[in-house]
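In case you want the letters, here they are:
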Amino acid sequence: MRRCTETDNTKVLLPQKKQARESNIELLRIITMLGVIILHYNNKSMGGGLRFVKFGSANFFVLYVLEVIFINAVNLFMLISGYYMLSSQKRSVIKPVKMIIQVIAFGVTYYLLRVKFGSLKYSAFNFRGAFIPNNFFVIMYCCIYFISPYINIVLRSLDIKQLRRMIIILLLLFSVYTTAVEILGHFRGYPMYGLSSVTVDGSSQGYSIVNYSLMYIIGAYIKLDETFLRKIKLPVLSALFVLLSGIEVLWGYLYQKKHSDGGVVLAYCNPIVIALAVLAFLIFKKLNIGSSRVINFLAKACFTVYLFHTYLFRYLSIEKYATGNPFILAIYTVGSAISIYLISFAVFCIYDFITSPIYRLFEKKIGSGTYTVPITEKGGLA
């Protein structure tokens, strides 16, 4: 419950205590990160899985079904952030700094190891470049992290009807409309950038602060309207997830068959992709698995897994299995993702063992830069 004090007939809401980790959502975070690994495994410029399979073949559908199931991964992480970060107005400067430092540490280490073992020739220019935290997700997350207390103030100032209306408007403007514009551009044969509601270059397939903010707001809305959403039964949520996934697979296949580029189908801002993220969260929210220290501990490695997993693709036989038996391909793909997660978890333990004492000493001497943005509320949520 929120605590409040009265000041000039206005309620000043104090931040809640930090919530305990829910193992069902921590499990969802682990599975979502496994999905990120699979998405990058399939990515034509990373792992290359979908580049090696023949379009329309059984192997194509094996990888494409996995692609559809997990395409909501990034949206899910932002939705989960909105759900939990709504409850606190406290932010720490050191948290995003730690993330950026880890991006730099992994980039520099990987570069030096490649030079050491001869796969790269040392270049002072490239070495300096390794210190640049060139990671889109991290930068966008840090932006949301800092502006989220102010988003929370806006959301908490609205009643439930106003919140629902705002969510509908946001979805229409930045999901349904942007997707329709992209589709229109494909049928016209050229991009309709002038119609976009996101950027001058179109929707960027949801790789934008607009979509990240939208998913944060949806997560926060779920928290605020949880009583209503809790009434939706698990079988209904599961059936909807399967149905929308099937529609997405069929749509993606037919769209690529006609236009070759099916990026709009799997864009993060696609309304179906957003819906799949919401359904996945609601499904796992209903699971009652109790509190599991193992799950909670494994989930702590998610960010390290995200930074480290692509380094391991070179050691996989992706092309070999992508052109082999489809059943074995499915097992190999999922098994590879699990193996990569576990290896990355070991890396997380090593990194945490090295850096934790340093950060503890730093925060003891200087502090974590924690600050609170108080919520002033005249009245309350309906």
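Refer to the structure above for everything that follows.
None of these values were measured; they are calculated from a predicted model. (Residues numbered from 1 in each chain as written. Predicted model: local features only at pLDDT ≥ 70, side-chain atom pairs only at ≥ 80, totals over all residues. Heavy atoms only, no water.)

Draft legend 1. Molecular detail of the overall build of the protein. Scanning the protein from N- to C-terminus turns up 16 helices and five strands. Over its C-alpha atoms the protein spans a radius of gyration of 22 Å, differing by no more than 12% from the 21 Å that the globule rule assigns to 382 residues. Viewed in the frame of its principal axes, the protein has a C-alpha envelope of about 70 × 50 × 45 Å. In the protein, which comprises 382 residues, the proportion classed as buried is 47%. (Helix = DSSP H or I, 4+ residues; strand = E, 2+ residues; numbered from the N terminus. Rg over C-alpha atoms; globule rule 2.2 N^0.38 Å. Buried < 20%, exposed > 50% of the residue type's maximum accessible area, 1.4 Å probe, protein only.)

Draft legend 2. Highlighting the environment of Met 215. Residue placement: Met 215 occurs in helix H9 (residues 209-224). Overall, the relative accessible area of 0% leaves Met 215 in the buried class. Spatially, the C-alpha atom of Met 215 lies 13 Å from that of Leu 279, the residues being 64 residues apart in sequence. Leave out the neighbours within four places in its chain, and Met 215 touches Asn 75, Met 78, Leu 79, Ile 274 and Ala 277. (Contact = heavy atoms within 4.5 Å.)

Draft legend 3. Focus on the side chain of Ser 81. In this structure, Ser 81 sits in helix H4 (residues 73-85). Taking the relative accessible area as the measure of exposure, Ser 81 reaches 11% and is therefore buried. In contact with Ser 81, other than residues within four places in its own chain, are Leu 86, Tyr 141 and Tyr 216.

Draft legend 4. Region of the structure containing helix H12 (residues 271-286). Taking 1.5 Å as the rise per residue, H12 with 16 residues should run 22 Å; its terminal C-alpha atoms sit 23 Å apart, in good agreement. Inspection of H12 places Ile 272, Val 273, Ile 274, Leu 276, Ala 277, Val 278, Leu 279, Ala 280, Phe 281, Leu 282, Ile 283 and Phe 284 among the buried residues, and these make up the whole buried set. Two or three places before Ile 272, at the start of H12, stands the capping residue Asn 270, its side-chain oxygen 2.8 Å from that residue's backbone nitrogen. (Expected span 1.5 Å × (residues − 1). Polar contact = N/O pair within 3.5 Å; in protein donor to acceptor, adjacent residues only side chain to side chain.)

Draft legend 5. Focus on the side chain of Asn 59. Here Asn 59 is to be found in helix H3 (residues 58-70). The class of Asn 59 is buried, set by a relative accessible area of 8%. There is a polar contact of 2.7 Å between the side chain of Asn 59 and the backbone oxygen of Ala 322. Setting aside residues up to four positions removed in sequence, Asn 59 forms contacts with Val 53, Tyr 321, Ala 322, Thr 323, Gly 324, Asn 325, Pro 326 and Leu 329.

Draft legend 6. Here's a closer look at a nonpolar patch on the surface. There is a patch of nonpolar side chains on the surface, built from Val 93, Val 97, Ile 101, Phe 146, Ile 147 and Tyr 150 and spanning about 470 Å² of accessible area. Elements supplying a minimum of two residues to the nonpolar patch: helix H5 (94-116) and helix H7 (136-156). Per element, the largest residue contribution to the nonpolar patch is three residues, and it comes from H7. If you trace the backbone, Tyr 150 turns up in helix H7. (Patch = residues over 30% accessible without salt bridge, like charges linked within 9 Å, V, L, I, M, F, W, Y side chains within 5 Å. Areas by Shrake-Rupley, 256 points an atom, 1.4 Å probe, with all protein chains shown as cover. Salt bridge = Lys/Arg side-chain N within 4 Å of Asp/Glu carboxyl O.)

Draft legend 7. Structural context of the environment of Phe 362. As for its position among the elements, Phe 362 is in helix H16 (residues 326-365). For Phe 362, a relative accessible area of 37% corresponds to the partly exposed category. Linking Phe 362 and Ile 94, residues 268 residues apart in sequence, is a C-alpha distance of 9.9 Å.

Draft legend 8. Broad picture of the pattern of salt bridges. Per the stated rule, a full pass over the model turns up five salt bridges. One salt bridge in this structure joins Glu 363 and Lys 98, with 3.2 Å as the shortest N-O distance. Taken together, the positions of Glu 363 in helix H16 and Lys 98 in helix H5 put the pair 265 residues apart, joining distant regions of the chain. On the basis of relative accessibility, which here comes to 28%, the residue Glu 363 falls in the partly exposed class. Counted as one network, the salt bridges with shared partners bring together Glu 22, Glu 226 and Lys 285.

Geometric values such as these leave the question of function open.
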